[in-house]
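Spelled out, the chains give:
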Amino acid sequence: ALQLQCKGQVLLEVVSPETVEEYETGISYLEEYLKVLDDLEIKARKLQLEEELELLKEILSTIQNAATLYDSGMYSEAFFTLAAALEEYPENTRLEAALVDFHDHYIISITKQVANLCDAEDYNEALDVLEEALTRAGAACTITDEAKRPITKMDFFDFGLTGGANSSEKRALLLKTL
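All of the points below concern the structure found in this document.

Definitions and limits used
Residues numbered from 1 in each chain as written. Predicted model: local features only at pLDDT ≥ 70, side-chain atom pairs only at ≥ 80, totals over all residues. Heavy atoms only, no water. Core = buried A, V, L, I, M, F, W, Y, C linked by side-chain atoms within 4.5 Å. Buried < 20%, exposed > 50% of the residue type's maximum accessible area, 1.4 Å probe, protein only. Helix = DSSP H or I, 4+ residues; strand = E, 2+ residues; numbered from the N terminus. Expected span 1.5 Å × (residues − 1). Arc of directions from axis to C-beta. Contact = heavy atoms within 4.5 Å.

**So, the nonpolar core**
- Core analysis: the largest hydrophobic core is formed by 23 residues, its most contacted members being Y70, F79, L82, L95, F102 and Y106.
- Residue assignment for this core shows that the elements contributing at least two residues are α3 (40-71), α4 (75-88), α5 (93-119) and α6 (123-136).
- Here the element with the most residues in this core is α5; it accounts for eight residues.
- Core analysis: the next-biggest nonpolar cluster, separate from the first, contains 11 residues, V14, I27, Y33 and L53 among them.

What follows is the structure in structure tokens.
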């Protein structure tokens, strides 16, 4: 009975570690217990903690790599690094929080720059900052001067705007929407 109580206390000590240090301490604690008593449940918990610790170290390394990229001005690479890790570990809250923090910091930084430029009535520069920010974040779009094809009578027919039931109502709704 005392052995079971002691085992229960040992397992309580390693319930939910959060940091590398807490994992290492918990693993060490379980190793000490196993020196005294050979127990399958303690061995299994130790193995589980070791696996979780390796994952934690990998996640923390990924976040650190993303931070280095971000600090170097390689924003899209930082965002991509975290997003790729999230695809591999979709339930990882550390990765989710890091990506949100990086996005928030980026948006706040750009917003401050643009606000200052607008206050100085330098709107062209503000637009340039926004365009550059989108590009650096990997979200740029290209505006082209390509001519679009003209709208034909067949287009109206295809969309039910002519020659069909309720076509006049559909045209009125389209005009109202535009």
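There's more to say after this.
**Here we look at α6**
- End to end, α6 covers 20 Å across 14 residues, agreeing with the expected 20 Å (1.5 Å per residue, within 8%).
- Residues A126, V129 and A133 constitute the buried set of α6. Taken around the axis of α6, the buried residues stretch over an arc of 60°, which confines them to a single face. Opposite the packed face of α6, turned more than 90 degrees from it, sit the exposed residues N124, L127 and E131.
- On its buried face, α6 sits against α5.

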